[in-house]
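Reading the structure
Chain by chain, the residues run as shown.
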Amino acid sequence: MASRVYVESAVREHPRTRELLRRLRNRPVIDIDHYGEVFNPRAQNFRLQKKDPAIVIARKNQGHVLVAPEGYGLEGDHHYYFSHMLNCLYDCRYCFLQGMYQSAHQVLFVNYEDFGAGIENIAQRHAGETVWFYSGYDCDSLANEPMTRFTDYFLPLLANIDNAWLELRTKSTQVRSLLAREPCARVVTAFSFSDAHSHARLEHGVPSIDRRIDAMRRLQDAGWPLGLRFDPVIYHPEYQHRFTELVARIFDAIDAQAIHSVSLGNFRLTRDHFRRVARLYPEEPLFAQPMTLERGIVSYSREREEEMMAFCEAVLLQHIPARAYQPCDWHGDEFAAG
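The following refers to the structure shown. (Residues numbered from 1 in each chain as written. Predicted model: local features only at pLDDT ≥ 70, side-chain atom pairs only at ≥ 80, totals over all residues. Heavy atoms only, no water.)

Section: the pairing of strand 1 (residues 5-8)
So the rule is basically this: Categorising residues by exposure relies on relative accessible area from a 1.4 Å probe, with only protein chains included: less than 20% of the type maximum marks a residue as buried, more than 50% marks it as exposed, and the intermediate range marks it as partly exposed. Secondary structure counts use DSSP, requiring at least four H or I residues in a row for a helix and at least two E residues in a row for a strand, with both numbered from the N terminus. Note on pairing: two strands pair once DSSP finds at least 2 bridges between them. Here the term right-handed applies to a crossover when the path leading from its first strand over the helix to its second strand runs clockwise, the strands being oriented away from the viewer.
Along strand 1, one buried face is formed by V5 and V7 and the opposite face, lined by Y6 and E8, is buried too. Direction of pairing for strand 1 relative to strand 2 (residues 29-32): parallel, over a ladder of four bridges. Bridging across to strand 2, V5 finds its partner in V29. With helix 1 (residues 15-23) bridging strand 1 and its parallel neighbour strand 2, the resulting β-α-β unit is right-handed. Of the pairings in the sheet, the one linking strand 1 to strand 3 (residues 55-58) comprises three bridges and is parallel in character. Within strand 3, the residue paired with Y6 across the bridge is V56.

Take a look at the structure:
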(Lines give C-alpha, C1' and ligand atoms only; values in the text may rest on other atoms or scores of the structure.)
Protein backbone atom coordinates (compact mmCIF):
# COMPACT_ATOMS: atom_id res chain seq x y z
CA MET A 1 0.00 0.00 0.00
CA ALA A 2 2.72 2.48 0.96
CA SER A 3 6.49 2.18 0.94
CA ARG A 4 6.95 4.78 3.70
CA VAL A 5 5.05 7.25 5.83
CA TYR A 6 5.72 10.96 6.32
CA VAL A 7 4.16 12.59 9.40
CA GLU A 8 3.87 16.28 10.21
CA SER A 9 5.35 16.85 13.66
CA ALA A 10 2.31 18.88 14.75
CA VAL A 11 0.02 15.85 14.36
CA ARG A 12 2.46 13.14 15.47
CA GLU A 13 0.45 12.49 18.65
CA HIS A 14 -3.01 13.05 17.16
CA PRO A 15 -5.27 10.04 17.91
CA ARG A 16 -5.96 9.47 14.21
CA THR A 17 -2.25 9.64 13.43
CA ARG A 18 -1.53 7.01 16.05
CA GLU A 19 -4.26 4.79 14.65
CA LEU A 20 -2.99 5.27 11.08
CA LEU A 21 0.55 4.40 12.12
CA ARG A 22 -0.76 1.29 13.82
CA ARG A 23 -2.39 0.21 10.55
CA LEU A 24 0.75 1.17 8.60
CA ARG A 25 3.17 -0.58 10.97
CA ASN A 26 6.41 -2.00 9.62
CA ARG A 27 6.85 0.94 7.28
CA PRO A 28 9.55 3.59 7.75
CA VAL A 29 8.18 6.76 9.40
CA ILE A 30 9.78 10.11 8.56
CA ASP A 31 8.97 13.30 10.50
CA ILE A 32 8.41 16.51 8.54
CA ASP A 33 7.28 20.04 9.41
CA HIS A 34 4.71 20.45 6.62
CA TYR A 35 3.33 18.12 3.97
CA GLY A 36 4.31 20.62 1.28
CA GLU A 37 7.94 19.66 1.81
CA VAL A 38 7.15 16.29 0.25
CA PHE A 39 4.12 17.06 -1.87
CA ASN A 40 4.85 20.39 -3.57
CA PRO A 41 8.46 20.41 -4.85
CA ARG A 42 8.81 20.65 -8.61
CA ALA A 43 10.80 18.20 -10.70
CA GLN A 44 8.99 15.23 -9.16
CA ASN A 45 7.91 12.45 -11.52
CA PHE A 46 4.25 11.64 -10.93
CA ARG A 47 4.46 8.55 -13.13
CA LEU A 48 7.37 7.02 -11.23
CA GLN A 49 5.94 7.93 -7.83
CA LYS A 50 2.63 6.31 -8.74
CA LYS A 51 4.40 2.96 -8.78
CA ASP A 52 5.61 3.41 -5.19
CA PRO A 53 3.68 6.21 -3.45
CA ALA A 54 4.13 7.23 0.15
CA ILE A 55 1.49 8.16 2.71
CA VAL A 56 1.74 11.68 4.13
CA ILE A 57 -0.17 12.32 7.39
CA ALA A 58 -0.92 15.98 7.84
CA ARG A 59 -3.20 18.76 9.02
CA LYS A 60 -5.17 20.98 6.64
CA ASN A 61 -4.95 24.50 8.00
CA GLN A 62 -7.37 26.42 5.78
CA GLY A 63 -9.89 26.01 2.97
CA HIS A 64 -11.55 23.02 4.60
CA VAL A 65 -14.86 23.42 2.75
CA LEU A 66 -14.97 25.27 -0.58
CA VAL A 67 -17.70 26.49 -2.91
CA ALA A 68 -18.25 24.18 -5.87
CA PRO A 69 -18.26 25.87 -9.29
CA GLU A 70 -21.46 26.79 -11.06
CA GLY A 71 -22.86 23.81 -12.92
CA TYR A 72 -21.18 21.21 -10.74
CA GLY A 73 -23.23 18.82 -8.69
CA LEU A 74 -26.84 17.82 -8.29
CA GLU A 75 -30.07 19.69 -7.86
CA GLY A 76 -30.12 21.77 -4.71
CA ASP A 77 -29.74 25.29 -3.39
CA HIS A 78 -26.03 25.31 -2.51
CA HIS A 79 -22.99 23.19 -3.40
CA TYR A 80 -19.64 22.76 -1.63
CA TYR A 81 -16.77 20.30 -1.71
CA PHE A 82 -14.13 19.17 0.77
CA SER A 83 -11.12 16.88 0.58
CA HIS A 84 -10.00 14.75 3.51
CA MET A 85 -7.29 13.39 1.20
CA LEU A 86 -5.20 14.53 -1.75
CA ASN A 87 -4.59 12.03 -4.56
CA CYS A 88 -6.13 8.70 -5.34
CA LEU A 89 -5.27 5.08 -4.75
CA TYR A 90 -6.10 4.26 -8.37
CA ASP A 91 -4.22 5.12 -11.56
CA CYS A 92 -6.64 6.27 -14.25
CA ARG A 93 -4.96 7.68 -17.35
CA TYR A 94 -7.62 10.37 -17.84
CA CYS A 95 -7.44 11.67 -14.25
CA PHE A 96 -6.76 15.40 -13.94
CA LEU A 97 -4.92 14.93 -10.62
CA GLN A 98 -1.86 13.83 -12.62
CA GLY A 99 -1.81 17.25 -14.22
CA MET A 100 -2.69 19.23 -11.12
CA TYR A 101 -0.26 17.82 -8.54
CA GLN A 102 3.50 17.54 -8.66
CA SER A 103 3.43 14.40 -6.52
CA ALA A 104 1.65 11.04 -6.56
CA HIS A 105 1.99 10.61 -2.79
CA GLN A 106 -1.29 10.39 -0.88
CA VAL A 107 -1.90 13.06 1.75
CA LEU A 108 -4.25 12.11 4.59
CA PHE A 109 -5.57 15.00 6.70
CA VAL A 110 -6.39 13.93 10.25
CA ASN A 111 -8.14 17.09 11.53
CA TYR A 112 -11.63 15.92 10.60
CA GLU A 113 -13.14 18.17 13.24
CA ASP A 114 -12.10 21.29 11.32
CA PHE A 115 -13.81 19.98 8.20
CA GLY A 116 -16.84 19.10 10.31
CA ALA A 117 -17.01 22.58 11.82
CA GLY A 118 -16.92 24.07 8.33
CA ILE A 119 -19.75 21.83 7.20
CA GLU A 120 -21.85 22.68 10.25
CA ASN A 121 -21.27 26.43 9.85
CA ILE A 122 -22.18 26.41 6.18
CA ALA A 123 -25.30 24.34 6.73
CA GLN A 124 -26.39 26.69 9.52
CA ARG A 125 -25.76 29.71 7.30
CA HIS A 126 -28.12 28.18 4.72
CA ALA A 127 -30.73 27.03 7.23
CA GLY A 128 -33.95 26.00 5.51
CA GLU A 129 -32.20 25.36 2.19
CA THR A 130 -30.66 22.23 0.69
CA VAL A 131 -26.85 22.13 0.89
CA TRP A 132 -24.79 19.51 -0.93
CA PHE A 133 -21.28 18.54 0.15
CA TYR A 134 -19.08 16.54 -2.25
CA SER A 135 -16.15 14.53 -0.92
CA GLY A 136 -14.74 12.90 -4.06
CA TYR A 137 -12.92 15.65 -5.95
CA ASP A 138 -9.27 15.39 -4.84
CA CYS A 139 -9.53 11.70 -3.95
CA ASP A 140 -11.76 8.64 -4.06
CA SER A 141 -14.21 8.94 -1.16
CA LEU A 142 -14.05 5.29 -0.08
CA ALA A 143 -10.97 3.62 -1.59
CA ASN A 144 -8.88 4.17 1.56
CA GLU A 145 -11.78 3.70 3.97
CA PRO A 146 -10.27 0.71 5.86
CA MET A 147 -7.34 2.97 6.74
CA THR A 148 -8.90 6.43 7.13
CA ARG A 149 -12.28 5.51 8.70
CA PHE A 150 -13.64 8.57 6.92
CA THR A 151 -17.28 7.53 7.19
CA ASP A 152 -17.08 6.86 10.93
CA TYR A 153 -16.80 10.60 11.50
CA PHE A 154 -18.59 12.25 8.58
CA LEU A 155 -21.72 10.10 8.25
CA PRO A 156 -22.99 10.68 11.81
CA LEU A 157 -22.14 14.36 11.39
CA LEU A 158 -24.22 14.70 8.20
CA ALA A 159 -27.05 12.58 9.57
CA ASN A 160 -27.55 15.17 12.33
CA ILE A 161 -27.71 18.19 9.99
CA ASP A 162 -31.21 18.22 8.52
CA ASN A 163 -30.47 20.36 5.45
CA ALA A 164 -27.11 18.74 4.54
CA TRP A 165 -26.60 16.13 1.80
CA LEU A 166 -23.37 14.25 1.14
CA GLU A 167 -22.11 12.63 -2.06
CA LEU A 168 -19.51 9.88 -1.68
CA ARG A 169 -18.02 9.47 -5.15
CA THR A 170 -16.03 6.29 -5.66
CA LYS A 171 -14.70 3.55 -7.90
CA SER A 172 -14.15 1.41 -4.83
CA THR A 173 -15.89 -1.63 -3.40
CA GLN A 174 -15.09 -0.58 0.20
CA VAL A 175 -18.69 -0.43 1.41
CA ARG A 176 -18.52 -2.48 4.62
CA SER A 177 -18.47 0.63 6.79
CA LEU A 178 -21.73 1.76 5.20
CA LEU A 179 -23.36 -1.65 5.48
CA ALA A 180 -22.48 -1.75 9.17
CA ARG A 181 -24.70 1.27 9.96
CA GLU A 182 -28.25 2.41 9.36
CA PRO A 183 -28.69 4.02 5.93
CA CYS A 184 -29.11 7.78 5.67
CA ALA A 185 -31.39 9.11 2.93
CA ARG A 186 -29.19 12.21 2.59
CA VAL A 187 -25.97 10.32 1.85
CA VAL A 188 -25.62 9.23 -1.79
CA THR A 189 -22.88 6.79 -2.76
CA ALA A 190 -22.11 7.63 -6.39
CA PHE A 191 -20.19 4.97 -8.33
CA SER A 192 -18.09 5.98 -11.33
CA PHE A 193 -17.95 3.68 -14.35
CA SER A 194 -16.30 3.53 -17.75
CA ASP A 195 -17.16 0.86 -20.31
CA ALA A 196 -15.25 -2.43 -20.33
CA HIS A 197 -12.88 -1.33 -23.10
CA SER A 198 -11.91 1.92 -21.36
CA HIS A 199 -11.78 0.25 -17.95
CA ALA A 200 -9.30 -2.37 -19.16
CA ARG A 201 -7.04 0.12 -20.91
CA LEU A 202 -7.24 3.23 -18.75
CA GLU A 203 -8.34 2.42 -15.18
CA HIS A 204 -5.32 0.74 -13.62
CA GLY A 205 -5.92 -0.77 -10.20
CA VAL A 206 -9.65 -0.02 -10.24
CA PRO A 207 -11.90 -2.90 -9.09
CA SER A 208 -13.69 -4.76 -11.86
CA ILE A 209 -17.04 -3.60 -13.18
CA ASP A 210 -18.76 -6.67 -11.76
CA ARG A 211 -17.31 -6.12 -8.29
CA ARG A 212 -18.49 -2.51 -8.26
CA ILE A 213 -21.94 -3.52 -9.46
CA ASP A 214 -22.10 -6.08 -6.65
CA ALA A 215 -21.12 -3.38 -4.12
CA MET A 216 -23.93 -1.20 -5.48
CA ARG A 217 -26.42 -4.03 -5.22
CA ARG A 218 -25.51 -4.70 -1.60
CA LEU A 219 -25.86 -1.03 -0.69
CA GLN A 220 -29.20 -0.72 -2.46
CA ASP A 221 -30.50 -3.86 -0.77
CA ALA A 222 -29.51 -2.30 2.57
CA GLY A 223 -31.44 0.89 1.81
CA TRP A 224 -28.63 3.29 0.84
CA PRO A 225 -29.30 5.80 -2.00
CA LEU A 226 -27.14 5.24 -5.07
CA GLY A 227 -25.81 7.45 -7.83
CA LEU A 228 -24.11 6.62 -11.12
CA ARG A 229 -21.42 8.79 -12.70
CA PHE A 230 -20.46 8.10 -16.31
CA ASP A 231 -17.86 10.82 -16.38
CA PRO A 232 -15.80 10.89 -18.45
CA VAL A 233 -17.20 8.90 -21.35
CA ILE A 234 -14.16 8.04 -23.48
CA TYR A 235 -14.42 7.87 -27.25
CA HIS A 236 -13.29 4.74 -29.09
CA PRO A 237 -14.75 3.06 -32.18
CA GLU A 238 -16.87 0.64 -30.13
CA TYR A 239 -18.05 3.09 -27.48
CA GLN A 240 -21.73 2.84 -28.46
CA HIS A 241 -21.85 -0.94 -28.17
CA ARG A 242 -19.72 -0.98 -25.03
CA PHE A 243 -21.69 1.76 -23.27
CA THR A 244 -24.98 0.04 -24.07
CA GLU A 245 -23.56 -3.22 -22.70
CA LEU A 246 -22.31 -1.51 -19.51
CA VAL A 247 -25.65 0.14 -18.74
CA ALA A 248 -27.50 -3.14 -19.30
CA ARG A 249 -25.12 -4.96 -16.93
CA ILE A 250 -25.65 -2.39 -14.21
CA PHE A 251 -29.43 -2.36 -14.41
CA ASP A 252 -29.65 -6.12 -14.56
CA ALA A 253 -28.48 -5.95 -10.93
CA ILE A 254 -29.75 -2.56 -9.73
CA ASP A 255 -33.29 -1.22 -9.43
CA ALA A 256 -33.20 1.66 -11.92
CA GLN A 257 -36.41 3.20 -10.60
CA ALA A 258 -34.82 3.61 -7.16
CA ILE A 259 -31.63 5.26 -8.41
CA HIS A 260 -31.03 8.69 -6.90
CA SER A 261 -29.14 10.34 -9.76
CA VAL A 262 -27.20 9.60 -12.93
CA SER A 263 -24.74 12.04 -14.49
CA LEU A 264 -22.97 11.95 -17.82
CA GLY A 265 -19.95 13.88 -19.05
CA ASN A 266 -17.27 13.84 -21.73
CA PHE A 267 -13.50 13.66 -21.40
CA ARG A 268 -12.12 17.11 -20.62
CA LEU A 269 -8.98 18.58 -19.06
CA THR A 270 -7.70 22.09 -18.69
CA ARG A 271 -5.04 22.96 -21.25
CA ASP A 272 -2.24 22.92 -18.67
CA HIS A 273 -3.40 19.64 -17.12
CA PHE A 274 -3.71 18.03 -20.55
CA ARG A 275 -0.18 19.04 -21.50
CA ARG A 276 1.29 17.70 -18.27
CA VAL A 277 -0.53 14.38 -18.43
CA ALA A 278 0.30 13.92 -22.12
CA ARG A 279 3.99 14.47 -21.28
CA LEU A 280 3.75 11.80 -18.58
CA TYR A 281 2.24 9.28 -21.01
CA PRO A 282 3.37 10.20 -24.54
CA GLU A 283 2.59 6.66 -25.74
CA GLU A 284 -1.05 6.80 -24.56
CA PRO A 285 -3.48 6.80 -27.56
CA LEU A 286 -6.08 8.71 -25.53
CA PHE A 287 -3.97 11.87 -25.81
CA ALA A 288 -3.29 11.40 -29.53
CA GLN A 289 -6.97 11.61 -30.50
CA PRO A 290 -8.22 14.73 -32.30
CA MET A 291 -9.07 17.30 -29.63
CA THR A 292 -10.22 20.90 -29.55
CA LEU A 293 -9.36 23.76 -27.21
CA GLU A 294 -12.23 25.96 -26.11
CA ARG A 295 -12.29 28.34 -23.11
CA GLY A 296 -9.10 26.76 -21.83
CA ILE A 297 -10.54 23.23 -21.91
CA VAL A 298 -9.21 20.41 -24.08
CA SER A 299 -11.94 17.99 -25.17
CA TYR A 300 -13.44 16.30 -28.19
CA SER A 301 -14.81 18.36 -31.04
CA ARG A 302 -18.23 19.86 -30.43
CA GLU A 303 -19.71 17.54 -33.08
CA ARG A 304 -18.25 14.41 -31.50
CA GLU A 305 -19.20 15.52 -28.00
CA GLU A 306 -22.80 16.22 -29.02
CA GLU A 307 -23.03 12.87 -30.80
CA MET A 308 -21.64 10.95 -27.81
CA MET A 309 -23.80 12.70 -25.24
CA ALA A 310 -26.96 12.29 -27.34
CA PHE A 311 -26.33 8.57 -27.80
CA CYS A 312 -25.42 7.85 -24.18
CA GLU A 313 -28.30 9.93 -22.87
CA ALA A 314 -30.76 8.00 -25.04
CA VAL A 315 -29.38 4.69 -23.75
CA LEU A 316 -29.67 5.80 -20.14
CA LEU A 317 -33.21 7.09 -20.51
CA GLN A 318 -34.29 3.66 -21.71
CA HIS A 319 -33.53 2.46 -18.17
CA ILE A 320 -33.83 5.32 -15.68
CA PRO A 321 -36.58 7.82 -14.83
CA ALA A 322 -35.98 11.21 -16.44
CA ARG A 323 -35.94 12.92 -13.03
CA ALA A 324 -32.74 11.02 -12.15
CA TYR A 325 -30.74 12.19 -15.18
CA GLN A 326 -28.39 15.15 -14.72
CA PRO A 327 -25.84 15.90 -17.45
CA CYS A 328 -22.53 17.47 -16.42
CA ASP A 329 -21.93 21.03 -17.54
CA TRP A 330 -18.99 22.11 -15.42
CA HIS A 331 -15.27 22.42 -16.17
CA GLY A 332 -12.60 21.27 -13.76
CA ASP A 333 -10.51 24.43 -14.15
CA GLU A 334 -13.06 26.27 -12.04
CA PHE A 335 -11.96 24.37 -8.92
CA ALA A 336 -9.27 25.63 -6.61
CA ALA A 337 -6.79 23.04 -5.44
CA GLY A 338 -7.50 21.80 -1.92
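After presenting the structure, the write-up continues.
Considering the sheet that holds strand 15 (residues 268-270)
We apply this condition: Angles here are taken between N-to-C directions and fall from 0 to 180 degrees, while the axes themselves are lines fitted to C-alpha atoms, restricted in helices to the stretch in contact.
An order of 15-17-16 is seen for the three strands of this open sheet, with the pairing classed as antiparallel. Lying at the two open borders of the sheet, with one neighbouring strand each, are strand 15 and strand 16 (292-294). Adjacent strand axes in the sheet meet at a mean angle of 30 degrees, parallel and antiparallel pairs treated alike. Summarising the sheet, strand 15 and strand 17 (residues 297-299) pair through three bridges and their orientation is antiparallel. Within the sheet, the bridge partner assigned to T270 lies in strand 17 and is I297.

Remarks on helix 13 (residues 302-317)
Selection criterion: By this rule, a helix spans an expected 1.5 Å times one less than how many residues it contains. In this context, the arc is that of the directions from the helix axis out to the C-beta atoms. Throughout, a residue-residue contact means that at least one pair of heavy atoms, one from each residue, lies within 4.5 Å.
Its 16 residues give helix 13 an end-to-end C-alpha distance of 22 Å, which sits within 8% of 22 Å, the value for a rise of 1.5 Å per residue. Here helix 13 has its buried residues at M308, M309, C312, V315 and L316. Buried residues of helix 13 fall within an arc of 130 degrees about the axis and therefore sit on the same side. Those residues of helix 13 that are exposed and angled more than 90 degrees off the buried face are E303 and E306. In the core, the buried residues of helix 13 are packed alongside strand 13 (226-233), helix 11 (239-253), strand 14 (261-266) and strand 18 (325-327).

Brief notes about the packing of aromatic side chains
Here is the rule: Classification of ring pairs uses Phe, Tyr and Trp, with its six-membered ring standing for Trp, and accepts pairs whose centres are within 6.5 Å; under 30 degrees between planes counts as stacked, over 60 as edge-to-face, and the remaining range as tilted. Cation placement over rings: the criterion is NZ of Lys or CZ of Arg within 6 Å of the ring centroid and within 35° of the ring normal.
Tallied over the full model, the rule gives 22 aromatic pairs. Ring centres of F82 and F115 lie 6.3 Å apart, and the angle between their planes is 50 degrees; on these two criteria the pair is classed as tilted. Residue F82 is located in strand 5 (residues 78-82), and its partner F115 is located in helix 5 (residues 112-125); the two are separated by 33 residues in the primary sequence. On the numbers, 6.4 Å between centres and 40 degrees between planes, the contact of F109 with F115 is tilted. Counting every residue linked through ring pairs, the aromatic cluster contains Y35, F39, F82, Y101, F109, Y112, F115, F150, Y153 and F154. Note that R16 overlies the ring of Y153, its terminal NZ or CZ placed 5.4 Å from the centroid. R304 extends its terminal NZ or CZ atom over the ring of Y235, reaching a point 3.5 Å from the ring centre.

Some remarks on the pattern of salt bridges
Between side chains of opposite charge, a pair can form as their charged atoms come close. The test is simple: By convention in these notes, a salt bridge is any Lys or Arg side-chain nitrogen within 4 Å of a carboxyl oxygen on Asp or Glu.
All told, the structure shown has 22 salt bridges when counted by the stated rule. D210 is the salt-bridge partner of R249, the closest N and O atoms lying 2.6 Å from each other. Of this pair, R249 sits in helix 11 while D210 is found in helix 10 (residues 209-222), placing the two residues 39 residues apart along the sequence. When its relative accessible area of 28% is taken as the criterion, R249 is described as partly exposed. Taken together, the salt bridges that share partners define one network made up of D214, R217, R218 and D221.

A word on the nonpolar core
In globular proteins that are soluble, nonpolar side chains generally tend to be buried together. The criterion, for reference: To form a nonpolar core, buried Ala, Val, Leu, Ile, Met, Phe, Trp, Tyr and Cys residues must be joined to one another through side-chain atoms within 4.5 Å.
In this structure, F133, F193 and F230 are the most contacted members of the largest nonpolar core, which totals 99 residues. Here this core gets six residues from one element, more than from any other, and that element is helix 11. Setting aside anything within four residues of it in sequence, one finds F230 in contact with F193, F243, L246, V247, I250, V262, S263, L264, G265 and L316. Grouped together as the second largest cluster of nonpolar side chains are 14 residues, L20, L21, I55 and M147 included.

Let's talk about the state of the cysteines
Which entries qualify depends on this criterion: Pairs of cysteine sulfur atoms within 2.5 Å are identified as disulfides in what follows.
Under the definition given, this model contains zero disulfides. Among the cysteines around C139, which has no disulfide bond, C88 carries the closest sulfur, lying 7.6 Å off. Cysteine C184 is unpaired, with the sulfur of C139 as its nearest cysteine sulfur at 19 Å.

Observations regarding the environment of S3
Put simply, the rule is: Polar contacts, as counted here, are pairs of nitrogen or oxygen atoms within 3.5 Å of one another; within protein the pair requires one atom able to donate a hydrogen and one able to accept it, and residues that are adjacent in sequence qualify only if both atoms are side-chain atoms.
You can see S3 is positioned in the segment before strand 1. In terms of polar contacts, S3 uses its side chain to reach the side chain of R4, at 2.4 Å. Side chain to side chain, S3 and D52 meet in a polar contact 3.2 Å long.

A look at the side chain of S83
Locating S83 in the fold gives a position in the loop between strand 5 and strand 6 (85-86). S83 has contacts with K60, H64, F109, F115 and D138, leaving out every residue within four places of it along the chain.

Focus: unusual backbone geometry
A cis geometry characterises the amide bond from D231 onward to P232, with omega recorded as 10 degrees. Residue position: P232 is located in strand 13. Phi at R295 is positive, roughly 55 degrees, even though this residue is not glycine. Along the chain, R295 falls in the loop between strand 16 and strand 17.

Geometric descriptors of this kind do not, in isolation, establish any biological role.
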